Amino acid sequence: MNKGLRESPAYRVLMQFLDKSAKLFVAAACVALSSCTMPSSGPSANKIQAEAKEQYAPYTLIKVTPDVISLLAQGFDRQLATSLGNVKKRSSALIGVGDTVIISIWEASPDGLFSSAGRGGGTQIPEQPVSEAGTISVPYAGIIKAANRTPEQVKESIEQALVRMAVQPQVLVSVVKNVSNTVTVTGEVASSGRIPLSPRGEKLLDVIAMAGGPRIESHQLSVQITRGRRTETIPMERLISDPNENIYVQPDDVVALIRQPRSFTVFGASIANASIQFDESQLYLNQALAKVGGLNDERANAKGVFIYRAESAELLRQLVPGKNFSVYGPTANVIYQVDLTDPSGFFLLKGFSMRNRDLIYIANSSLAEVRKFASLVSSTAAPIAQAASVSNTLTDLGN
C-alpha cells in the first residue's frame, strides 16, 4: 500500500496541493502582519505627545500639576459684568410707553376748577395709559409728555400748564401699572411672569427670588440673560457664589432658568466606555473614573489619562506662557494629561474638577499592544500549522 500509494497520481496531486496551500498561507500571513493596522480604541500616548509638538498642532497638551489645578480653580470665563455691564443705565423710576398713571389735582380755593362741588379738596383724573407717542392728556392742561420722565417731572409740567387757570394747583402723579420697567423671568422658576423694577434697582438674584426662586436644585441650572440682541449664559451656582456676576437687570431683559444636565464621556482602556450624567455640584476626576469602574488593569497605560476640553485663550495664556493663542480665536482645544505612575498623581485626580461635556480618554499600554500582536500572529499561523500537520500525516502514511 505504501509504495503504491506514493506512486499513485492521486497521491502526488494531493501533496502538490497541500504544498501550494502552505505556501499561500505563509504569503498571506506575511502580508497581513506587515500591512495590517493593529486594532485600537484610540491613539497611543506617544502619538498624542508627538503630535502636540508639531508646529501647527490642532491642540495644546498640558501636563496636570498642582499649579495647573490652581489656575483652573480660579476660572477665566468671561464675566457678565464685562459682557453686559453692571450699571443702572436707565432708571426704573422713569415712566414708559404703556404704563398706566393716575393724576390727582388739588387747588387752594374751594371754587377752583378741580374743587369738589365747592367744598375744596381735589379731583382724581381716571387712570390712563401712556400713548405710543409717550403722552397723556390732562383737562385744561392739554397734552403732557410723560414717557422717559419721572413722575416728579410730569407733575411739574402739569402744574405749570395749570398755573393760569387753577388756584395754586398741586398735582400728584402715580404709576399704577408699570409695564415698561419690567423684567421677564421664565423657565425653572416657581412663578414665571413680568417682574416690575423699583427705583432702587434689582439684580439678577433679586428678580429670580421675586419669581419664587428655582424649582430644582441650583447645580442643575443655568441662567440665560437676553438683552436686546445679546444673550449670555452662566451656571446658577457661579451666579450665587460670585457677587461680581450678580449684575443689575435692565428693563425688558429676559431672564430664563434653564435645566442643563451635565455629562462627561469616557473612551479607551477603562472598565466601561460610556456617557455619564452627573448632578454633583463639584465632580472631580477620581469620582468620574470611579463611575465607569476605573482603569482596565490589563489594557490601560497609567501614564496616559487624557482629558479633552476647550478652554478660553485667556486661561491658556496663563497655563502656557509664551505661546501665541491669538490664531485660535477666543477658545482653543486642550488635552490635559495625568500620570498615575507617579504616586502624587492620585492627589491630582482629587483636585481636577470636571466640566460639562468633558471627554476622558485612557490610552492602551504598550504591553496590551504586544498581546494584540501575539494574538494576531497566533490566529494567522493556525491554518499554516494545520496544513503542515496534514502534510506530515500523509507523508507518514506514504512511508
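First, a word on scope: everything that follows refers to the structure included in this document.

Rules and cut-offs
Residues numbered from 1 in each chain as written. Predicted model: local features only at pLDDT ≥ 70, side-chain atom pairs only at ≥ 80, totals over all residues. Heavy atoms only, no water. Pairing = 2+ DSSP bridges. Helix = DSSP H or I, 4+ residues; strand = E, 2+ residues; numbered from the N terminus. Axes fitted to C-alpha atoms, helices over the stretch in contact; angles between N-to-C directions. Core = buried A, V, L, I, M, F, W, Y, C linked by side-chain atoms within 4.5 Å. Buried < 20%, exposed > 50% of the residue type's maximum accessible area, 1.4 Å probe, protein only. Contact = heavy atoms within 4.5 Å. Salt bridge = Lys/Arg side-chain N within 4 Å of Asp/Glu carboxyl O. Patch = residues over 30% accessible without salt bridge, like charges linked within 9 Å, V, L, I, M, F, W, Y side chains within 5 Å. Areas by Shrake-Rupley, 256 points an atom, 1.4 Å probe, with all protein chains shown as cover.

### A short note on the sheet that holds strand S2 (residues 100–106)
The strands making up a sheet associate through hydrogen bonds between their backbones, and the pairing can be parallel or antiparallel.
Link 1 in the chain: Across the sheet, three strands lie side by side as S3-S2-S6; this open sheet has antiparallel pairing. With one partner strand each, in any of the chains shown, strand S3 (122–129) and strand S6 (170–177) form the two edges of the open sheet. Between one strand axis and the next, the sheet turns through 15° on average, direction left out of account.
Link 2 in the chain: Taken together, the seven bridges between S2 and S6 define a ladder with antiparallel strand orientation. Looking across to S6, one finds that Trp106 is bridged to Gln170.

### Focus: the nonpolar core
Link 1 in the chain: In terms of nonpolar packing, the biggest core is built from 36 residues, with Phe264, Leu285, Leu319, Tyr336 and Ile360 touching the most fellow members.
Link 2 in the chain: Excluding its chain neighbours within four sequence positions, the residues that come into contact with Tyr336 are Ile62, Val64, Val68, Leu72, Val305, Phe306, Ile307, Arg309, Glu311, Leu319 and Phe352.
Link 3 in the chain: Ranked by size, the runner-up nonpolar core spans 21 residues in total, among them Leu80, Val185, Ala211 and Val249.

### Quick notes on the pattern of salt bridges
Close approach of charged atoms allows side chains with opposite charge to pair.
Link 1 in the chain: For the structure on display, the rule yields ten salt bridges.
Link 2 in the chain: Between Glu202 and Arg200 there is a salt bridge, and its shortest N-O distance comes to 3.9 Å.
Link 3 in the chain: Glu202 gets classed as buried once you look at its relative accessible area, which sits at 7%.
Link 4 in the chain: Note on Arg200: relative accessible area 58%, which makes it exposed.
Link 5 in the chain: One salt bridge connects Glu311 with Arg355, and the closest N-O pair in it is separated by 2.8 Å. With a gap of 44 residues between them, Glu311 in strand S14 (residues 300–312) and Arg355 in the loop between helix H11 (345–351) and strand S16 (358–364) connect regions that are remote in the sequence.
Link 6 in the chain: Through salt bridges with shared partners, a single ionic network connects Arg309, Glu311, Arg355 and Asp358.

### Remarks on a nonpolar patch on the surface
Link 1 in the chain: On the surface, a nonpolar cluster with roughly 300 Å² of combined accessible area is contributed by Leu113, Tyr140 and Met165.
Link 2 in the chain: By the element assignment, Met165 lies in the loop between helix H6 (151–162) and S6.

### Overview of the sheet that holds strand S1 (residues 60–63)
Link 1 in the chain: With respect to topology, six strands assemble into an open sheet ordered S1-S15-S14-S16-S12-S13, the strand pairing being mixed. The outermost strands of the open sheet, each flanked by one partner alone, are S1 and strand S13 (274–278). Strand-to-strand twist of the sheet, defined as the mean angle between neighbouring strand axes without regard to direction, takes the value 25°.
Link 2 in the chain: Bridge analysis of strand S12 (residues 262–268) against S13 gives five bridges, and the strand direction is antiparallel. Its bridge partner lying in S13, Val266 is registered against Ala274.

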